[in-house]
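# Chains, contacts and geometry: an overview
Below, each chain spelled out in residue letters.
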Amino acid sequence: MPVGIFRVCLVVITAIVNHPLLFPKENGTVPENTEEIIQKMKEREESLRLEQLRLEQEIADQEATQKALEKAAEVVEESKEEKVRWDMWTALSMVIFLLIELWRQDFQEGNWQDTGGEEDDMAVLGKAFKGVAFPDKAVLASFYEKRILGTTGDMARMREMVEGFADDLLEALRSVCNRDADMEVEDCMGVGSMYENWRVRKPFVCDLIVPFAPPEPYCFRSQTWCSGDCFPPDEQGYGTIKVCRADEDVTGCICDKTKLGEDMLCLLHSKANTTRPSSEMEDLLCFKNTQYLDADQVMKWFQIAVTKAWNRISHKYEFDLSFSLLDSPGALKIKFRSGKSIAFNLTPVVQYENSDVYFISHFPRRGLAADLPSSTHWFLTFAVYERRFIQLVSKTLPANACHVSCLQILSFLHGKQCSLTGPSGLTNYHLKTVMLHLLQARPSQDWAPEKLEARLQDLLKFLEKCLHEKKLYHFFIGNGKVPAELGFPIIFQRAEPLNLFRPFVLRRDVYRKTVDTFHEMLRNMSALINEYTVHIP
């Protein structure tokens, strides 16, 4: 208790001693310090108020930015949803369009698939055949006997004469060539309508192809559009021919791709086994600075060689020989002293591997053919297999079958119409292709001679379909039904079908002219046939 009283007294004394009123003089600056403190407090308050305003402004800006971001996200989300809906509609529209197109093609193929029913063939013909009067069987038989059969004997005699002269000419050509440097020429072969017995229009022209090979130690290695190499669509049906050494690896040696050191030597290719320089490659008829065979160089060499050969044997014959056409380097003409002449084509070709497919340098008389992409591109001809196929199928047909007769009549009508209205995009090769397709599609008994009228209608009907669709596929390329007896290369059977009417898609003026000529031929068919037919009461 005394301790507590002492503590209270001590606190009271301390308070009295420290009271400011007891020391007025020493504490006279207190009011001044108070005003300064108040002033500082006001400044502090003002700075805090400004800081508060700044913070409030920042918070407002952040809220505005957040709202803008949320709004932009909503817009993006809406655009994504709208784009998804648009993509779905686009895809759906494309699917519907493709289904309609497939249905249209199937419908057209279904209409044309029956190419020769016996029941009312005229009723299923296209619009171009409405109002067209087909000649009856008697008129067609009389026309064929009077106009077509009379030319068969002339063709046989002409073939025999031309083949004998060509063999003699090529034998002389071999004698004037340098066997160590020039190309080696083989025996010629007859192809085309003259050797398939369906050519009807004069002047008769024999087509002969002459295979040739390079001198030793060189060989030809070919590349086609269907052999895995990259060829654009406009080069389908073409290939290139590379001149290589016979002992050169097909895939190429690593020494051609890698720079060897001075102390390293390739055991496969020594200095004595190197490729000839560019000047010597040009002597091998290659394109400048390449190893690819040049068709123009080949034709120039062949013309010079033929001229030398003719000069050696001209004294044996009583006629003259000359080149007849500038645009067909292999076109030759025999002129007799009586004024008569015989034309034939002698064209150099290169054999494709070990088959009877050949690379041909120039095609004579090709109406619809486009220009070659370059002189190193060679077109492939299947003329030998076409002739063999016709001979093979003819053995299974009835006696005096009408397949050749149909083709002859169609070729005659088209040729007569072109002489009246001018040339069209159709060629005799197109007409033969149509006949080959039908010959494979129809049974053998349908080609009996008494069914000539029906089969002629089938040819015209099929040709109208192809013109309408602008599609006529090559008979051999992409055709898996080629008879195995022919020994046809499987690489071409597995290739994509080659559309012979593709130029019609690119050249509308030629297509329009061709269609008009075809329709005009149909309208004039009876008149053209009656003109060369004996009157039948």
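The name recorded for the chain in an unreviewed UniProt entry is Inositol 1,4,5-trisphosphate receptor-interacting protein, from Pygoscelis adeliae. As recorded by UniProt, the Function (unreviewed entry) comment attached to the chain reads in full: "Enhances Ca(2+)-mediated inhibition of inositol 1,4,5-triphosphate receptor (ITPR) Ca(2+) release."

Quick look at the overall build of the chain now. Secondary structure summary: the chain contains 14 helices and 10 strands in total. Across the 537 residues in the chain, those meeting the buried criterion constitute 41%. Restricting the contact set of the chain to residue pairs at least 6 apart, pairs at least 24 apart contribute 70%. Total accessible area computed for the chain in this model is approximately 32,000 Å², and 56% of it derives from carbon and sulfur atoms.

What follows concerns the confidence of the model for the chain. Low-confidence regions, as indicated by low pLDDT, have predicted coordinates that should not be scrutinised in detail. On average, residues of the chain carry a pLDDT of 80, and 76% of them reach 70 or more. Considering only residues more than four positions removed or in separate chains, one finds that residues 268-278, a stretch of pLDDT under 50, has 14 contacts.

Turning to the pattern of salt bridges, a few remarks are in order. Side chains that carry opposite charge are capable of pairing whenever their charged atoms lie near each other. Within this structure, the stated rule accounts for 18 salt bridges. With a closest N to O distance of 2.5 Å, R54 and E58 form a salt bridge. Remark: E58 and R54 occur in helix α2 (residues 30-113); sequence separation between them is four residues, near one turn of the helix. Ionic pairing is found between R442 and D446, a salt bridge with its closest N-O pair at 2.9 Å. A network of salt bridges, in which partner residues are shared, links R442, D446, K451, R455, D458 and K461.

Applying the stated criterion across every chain yields a total of 28 aromatic pairs. Through pairs of rings, three or more aromatic residues link up here, namely W225, Y352, F359, F382, Y385, F389, F475, F476, F488 and F492. The aromatic ring of Y195 is capped on one face by R159, whose charged end is 5.9 Å from the ring centroid.

Attention shifts here to the packing of helix α11 (residues 452-469) against helix α14 (residues 508-531). The N-to-C vectors of α11 and α14 enclose an angle of 160°; their axes lie 11 Å apart at closest approach. The pairing of α11 with α14 is recorded here as roughly antiparallel in orientation. In this structure, α11 crosses over α14, and the sense of that crossing is left-handed. Two secondary-structure elements touch here, α11 through L460, L463, E464, L467 and H468 and α14 through Y511, T514, F518, M521, L522 and M525. Partitioning the contact of α11 with α14 into residue classes produces eight nonpolar, two polar and one charged.

To continue, consider unusual backbone geometry. Here the bond from K202 into P203 is cis, since omega is 5°, no more than 30 degrees from zero. Here the residue pair E216 and P217 is connected by a cis peptide bond, since its omega of 10° sits within 30 degrees of zero. Considering the arrangement of structural elements, one finds P217 in the loop between β3 (205-213) and β4 (218-224). Positioned with a positive phi, N197 is a non-glycine residue whose angle comes to about 65°. Within the secondary structure layout, N197 lies in the loop between α5 (193-196) and β3. A positive phi is found at N289, a non-glycine position, where the angle reads about 60°.

Between its first and last C-alpha, helix α7 (residues 295-313) extends 27 Å over 19 residues, near the 27 Å set by a 1.5 Å rise per residue. Turning to α7, its buried residues are A295, V298, M299, W301, F302, A305, V306, A309, W310 and I313. Along the axis of α7, the buried residues cluster in a sector spanning 165°; they form a single face. Exposed side of α7, more than 90 degrees from the buried face: K300, I304 and N311 are the residues found there.

Relative to the 34 Å expected for 24 residues at 1.5 Å per residue, α14 spans 33 Å between its end C-alpha atoms, a close match to the ideal helical length. At N524, α14 shows its maximal kink, close to 55°. Buried within α14 are the following residues: V510, Y511, T514, V515, T517, F518, M521, L522, M525, L528 and I529. Looking at the buried residues of α14, the elements they touch are α3 (137-148), α9 (403-421), α11 and α13 (502-506).

Nonpolar side chains tend toward joint burial in soluble globular proteins. L169, L293, F344 and L346 are the most contacted members of the largest nonpolar core, which totals 114 residues. Beyond its immediate chain neighbours, meaning those up to four positions away, L169 contacts V306, A309, W310, I313, L321, L332 and L346. Within the second largest apolar cluster, nine residues are counted, among which are V191, I209, Y238 and A383.

Moving on: the packing of helix α10 (residues 428-441) against α11. The interhelical angle for the contact between α10 and α11, taken along N-to-C directions, is 110°, at an axis separation of 10 Å. On the basis of their axis angle, the class for α10 and α11 is roughly perpendicular. Between α10 and α11 lies a crossing of right-handed hand. Where α10 approaches α11, its residues L431, V434, M435, H437 and L438 are matched on the opposing element by D458, L459, F462 and L463. The class makeup of the residues in the contact of α10 with α11 is seven nonpolar, one polar and one charged.

Most of β3 sits inside the fold, with eight of its nine residues counted as buried. Bridge analysis of strand β1 (residues 184-185) against β3 gives two bridges, and the strand direction is antiparallel. Residue pairing for β3: E184 is matched across the bridge by A213. The pairing of strand β2 (residues 189-191) with β3 spans three bridges and is classified as antiparallel. Looking at the pairing, M189 lines up with I209 of β3. Summarising the sheet, β3 and strand β8 (residues 341-351) pair through seven bridges and their orientation is parallel.

A few words on a nonpolar patch on the surface. A contiguous nonpolar patch, built from W89, L92, I96 and I100 and spanning about 430 Å² of accessible area, is present on the exposed surface. What makes L92 partly exposed here is its relative accessible area of 43%.

For the structure shown, the criterion picks out zero disulfides. Take C244: it sits in no disulfide, and the sulfur closest to it among the cysteines is that of C219, at 5.9 Å. C244 sits in the buried class, given a relative accessible area of 3%. Residue C286 stays outside any disulfide, its sulfur separated by 8.9 Å from that of C244, the closest cysteine.

So, how was this worked out
- Residues numbered from 1 in each chain as written.
- Predicted model: local features only at pLDDT ≥ 70, side-chain atom pairs only at ≥ 80, totals over all residues.
- Heavy atoms only, no water.
- UniProt positions renumbered as here; feature names shortened; annotations may be inferred.
- Helix = DSSP H or I, 4+ residues; strand = E, 2+ residues; numbered from the N terminus.
- Buried < 20%, exposed > 50% of the residue type's maximum accessible area, 1.4 Å probe, protein only.
- Contact = heavy atoms within 4.5 Å.
- Areas by Shrake-Rupley, 256 points an atom, 1.4 Å probe, with all protein chains shown as cover.
- pLDDT = per-residue confidence, 0-100.
- Salt bridge = Lys/Arg side-chain N within 4 Å of Asp/Glu carboxyl O.
- Phe/Tyr/Trp six-rings, centres within 6.5 Å; stacked < 30°, edge-to-face > 60°.
- Lys NZ or Arg CZ within 6 Å of the ring centre and 35° of its normal.
- Axes fitted to C-alpha atoms, helices over the stretch in contact; angles between N-to-C directions.
- Parallel < 35°, antiparallel > 145°, perpendicular 65-115°, else oblique.
- Left-handed = near helix turned anticlockwise from the far one by under 90°.
- Nonpolar A, V, L, I, M, F, W, Y, C, P; charged D, E, K, R; others polar.
- Expected span 1.5 Å × (residues − 1).
- Arc of directions from axis to C-beta.
- Bend = angle between axes of the 7 residues up to and from the residue.
- Core = buried A, V, L, I, M, F, W, Y, C linked by side-chain atoms within 4.5 Å.
- Pairing = 2+ DSSP bridges.
- Patch = residues over 30% accessible without salt bridge, like charges linked within 9 Å, V, L, I, M, F, W, Y side chains within 5 Å.
- Disulfide = S-S within 2.5 Å.

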